[in-house]
Amino acid sequence: MSRTPQDAIRQWLVDHRLRGPDGAPAPSRALPNTIRFVKSRGGPARQLWYVTYDAEGDRGTESWHWTVVAHREASDRWIARGVAGGGGVGTFPLRGFPWANLGGNWGPDGFRAGGTVEDAGRRVVRVRLTDRQGRTFEDTVDHGVVLFMSDEAVTMPMRLEVIDAEGRVVSSDEWGFVDE
């Protein structure tokens, strides 16, 4: 039984099954002693976390990251499930300009997203998402990461703005797929 969100996330990371190249479930190879909880957002009943860890891979040790949502059940037990993640061997190349590398999911029950922010020397402090209906969601950059969580359904794609310490938008893009 998971009594904390961190325990539930550790258990999910070790127990979940990704799909292999052949589509069959592949066992997790997460190295539990490398799990690092980078950032969280939320309240006493539901939280969103950005987590990094190492895993044993076919080509050696791989670096992984996940955005994971955890919620507390009526029994005070915490349950976790993945929102978005990935990994591999080596480091991701820098782009050389401010941007946010987000992964997430959305639907009628709201949206959850998280990822890393490349500063590129521009003193980036916030990222803002605005959906097609004009609703905005913002987060501060902490440890190079932003997280977004809302119970509101959103209309995709969203406008993504990377904002510096003076409040200037230093980069913008579209995030997410078009809703059908």
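Here we summarise the structure given alongside this text. (Residues numbered from 1 in each chain as written. Predicted model: local features only at pLDDT ≥ 70, side-chain atom pairs only at ≥ 80, totals over all residues. Heavy atoms only, no water.)

1. Some thoughts on the packing of aromatic side chains
Now for step 1: Evaluated as defined, the whole model comprises 5 aromatic pairs.
Now for step 2: For the ring pair Trp-106 and Trp-175, a centre distance of 5.3 Å and an interplane angle of 65° mean the geometry is edge-to-face. Here Trp-175 lies in strand 13 (residues 169–175) and Trp-106 lies in strand 7 (residues 99–107), a separation of 69 residues in the sequence.
Now for step 3: Note on Phe-111 and Phe-137: the rings are 4.9 Å apart at their centroids and 75° apart in plane angle, and the pair reads as edge-to-face. Residue Phe-111 is found in strand 8 (residues 110–118), and its partner Phe-137 is found in strand 10 (residues 136–140); the two are separated by 26 residues along the sequence. Accessibility classification places Phe-111 together with Phe-137 in one group, the buried group.
Now for step 4: Across the ring face of Trp-99, the terminal group of Arg-95 is positioned such that the distance to the ring centre comes to 3.7 Å. (Phe/Tyr/Trp six-rings, centres within 6.5 Å; stacked < 30°, edge-to-face > 60°. Helix = DSSP H or I, 4+ residues; strand = E, 2+ residues; numbered from the N terminus. Buried < 20%, exposed > 50% of the residue type's maximum accessible area, 1.4 Å probe, protein only. Lys NZ or Arg CZ within 6 Å of the ring centre and 35° of its normal.)

2. Focus: the sheet that holds strand 11 (residues 145–150)
Now for step 1: With antiparallel pairing, the 3 strands of this open sheet are ordered in space as 7-8-11. Both edges of this open sheet fall to strand 7 and strand 11, since each of them pairs with a single strand only. Neighbour-to-neighbour, the strand axes of the sheet open up by a mean angle of 10°, direction not taken into account.
Now for step 2: Pairing of strand 8 with strand 11, which is carried by 6 bridges, proceeds in the antiparallel orientation. Bridge pairing in strand 11 places Gly-115 opposite Val-146. (Pairing = 2+ DSSP bridges. Axes fitted to C-alpha atoms, helices over the stretch in contact; angles between N-to-C directions.)

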